[in-house]
Amino acid sequence: MKTQSNLEKVLAAGHFAVTGEVGPPRGSDPEVVRSKASHLVGKVDAVNVTDNQTAMVRMSSWAASLICKQMGLEPNYQMVCRDRNRLAMQSDILGAYALGLNTMLCLSGDHPRFGDHPMAANVHDIDSIQLIAMVKGMCEEGRFQGGAEISSPPKMFVGAAANPFGDPQELRVLRLGKKVAAGADFIQTQCIYDMRRFKEFMHQAVDMGLTEKTSLLAGVTPLKSGGMAKYMASKVPGMTVPDEIVKRIAGAPKDSQAQEGIKLCVEQIQELKEVPGVAGIHLMAIEWEHRAAEILELAGLLPRPTL
Amino acid sequence: MITAVRKPMAEILGYAAQFDNILLLGCNECVTVCYAGGRKEVGILASALSLAFLKEGKKLAITEHTLERQCDPEFVEELAQTIEQYDAIFSMACGCGVQTLAGRYKDKPVFPMVNTQFMGASERQGVWAERCAGCGDCVLAYTGGICPVARCSKRIFNGPCGGSTKGKCEIDPGVDCAWQLIWDRLKALGRTDLYSQIMPAKDWRTAKDGGPRRIVREDLLS
């Protein structure tokens, strides 16, 4: 075992892994984090704590991660390249590890244009693949990106994201390959609704041997309503939602759309479990953390292993 | 070339209000090519300023002149004999020209008439787009001649990000995804092997992060 990460242990033991997600609040109340996280304690192997997602200012990812950690969850501390240069990133990684965070996720970050500070400097000193390489260098070679030795190097289980649905399609697996080559220990994908396209992606990834070098967790997000299905289908960059899914959710009676969304999500998880190369799921129940346990129970993924 | 757009009239009138006699100075280089500050634009702005002053019942003496290059001390020197006549210089050059004037004529107020934009190229009549970020360490040989620094919204060196859709950037359907263009070019060149190389973290010292930059050519020093 390279790290103290619970996610690493679960994957190494050969279990089908489950990760969840908590979005920090746009305020300083720790109870908001505790309330969201409380629904996931004991239900997931790690919980992603987002970093100013959708380019909106929120409680810092490391602080909210620490709150989750104190509740007995394994935080997957997210870090984006949009807001910090490599000095700030490395110092945050040292601090996060010092406070007991062992798992992190390296991301580019949404463009500031989408958030509440479109006037902010858009840093991108390094990109997400260079961030993976930087963290690996810190952990495994004990060196800062600038080359100097780290007196007590951190040990992070390092993840990255993959979007099987963005364009150009033929680059999606090649870019995943670059993330794996940079050292990504695990991968979490964008929410999957287009199962056919995802299976093609996985087929290529398996063929290239990528799933032997990294653990790939398939992303799922339950659709809460027909409105949400339509929004995901039309408004979210790099996301594809097949018409039949939008029709299924939007076509259900209003008061049972949520239940239909949960049913669909459970079916998707069961289908994903059978896809070669998939090592687990990443459940992003956006502002629906209290329904996560129900989905995981129905999908037969509870209880979680304790290692 | 360096591109620019003229400042809003209200801002220019705000600068002009305190003066009676100005030199409105164009530049015959980049800003002429992008129709922002050449001889023609000097004429148009002079007329607009005169008209605005007349409306207020005031008068502004405007001398129109266009230098070959405002960023070149040799041409800026031309003004040495006449500069005393004017209260201020209203420069239609890019920021480089404005600063060359300010450096040479230290007690003369100089005002910018344009907002300098970017280093770009003309896409078609009336459209210019950014092409170079002047990062000081060109990577175009590895990216099929398309610059990820200037043309990717997240200046990603190992792109594309997950937001590339049908060849367009997530920030605006009017913006091409640089990595789609890079990939298309690498395929056309038969050099998709270049994509699989991880481009390492960039050394930004050659860009503006290393402090203000200078080029000194010993062989040309006199």
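The structure under discussion appears in the preceding block.
Residues numbered from 1 in each chain as written. Chains lettered and ligands numbered in written order. Predicted model: local features only at pLDDT ≥ 70, side-chain atom pairs only at ≥ 80, totals over all residues.

Caption draft 1: Focus on the interface of chain B and chain A. Listed as interface residues are 24 residues of chain B and, on the opposing side, 26 residues of chain A. When residues of the side of chain B that touches chain A are traced back to their parent elements, those giving at least two are helix H7 (178-189) and helix H8 (193-196) of chain B. Residue classes in the side of chain B that touches chain A are distributed as 11 nonpolar, nine polar and four charged. (Contact = placed C-beta atoms within 7 Å. Helix = DSSP H or I, 4+ residues; strand = E, 2+ residues; numbered from the N terminus. Nonpolar A, V, L, I, M, F, W, Y, C, P; charged D, E, K, R; others polar.)

Caption draft 2: How the structure looks around the environment of B:Ala129. Residues and elements named next belong to chain B. The residue Ala129 is located in strand S7 (residues 127-132) in this model. C-alpha separation for the pair Ala129 and Phe118, spaced 11 residues apart in sequence, amounts to 8.1 Å. Aside from chain neighbours lying at most four places away, what touches Ala129 is Gly120, Ala121 and Glu123.

Caption draft 3: Just the sheet that holds S7(B), in detail. All names here are of chain B. In space, the three strands of this open sheet follow the order S1-S6-S7, with antiparallel pairing throughout. Strand pairing shows two members of the sheet lacking a second neighbour, strand S1 (2-6) and S7, which therefore form its edges. Between one strand axis and the next, the sheet turns by 70 degrees as a mean value, whatever way the strands run. Bridge count for S1 against strand S6 (residues 114-124) is four bridges, and the pairing is antiparallel. Pairing of Ile2 across the sheet is with Met119, part of S6. (Pairing = 2+ DSSP bridges. Axes fitted to C-alpha atoms, helices over the stretch in contact; angles between N-to-C directions.)

Caption draft 4: A look at unusual backbone geometry. For the peptide bond that leads from A:Asp167 to A:Pro168, omega is -15 degrees, which places it in the cis range. Looking at the element boundaries, A:Pro168 is found in the loop between strand S5 (157-162) and helix H6 (169-182). For the peptide bond that leads from A:Leu302 to A:Pro303, omega is 0 degrees, which places it in the cis range. Here A:Pro303 is to be found in the segment after helix H12 (292-298). Positive phi outside glycine occurs at A:Glu287, with the angle close to 50 degrees. Note that A:Glu287 resides in the loop between strand S8 (278-283) and H12. Here A:Glu287 falls in the exposed class, since 9 other C-beta atoms lie within 10 Å of it. Positive phi values are uncommon outside glycine, yet B:Tyr35 reaches one of about 55 degrees. Note that B:Tyr35 resides in the loop between helix H2 (30-33) and helix H3 (39-55). (Buried ≥ 20, exposed ≤ 12 C-beta atoms within 10 Å, placed from the backbone.)

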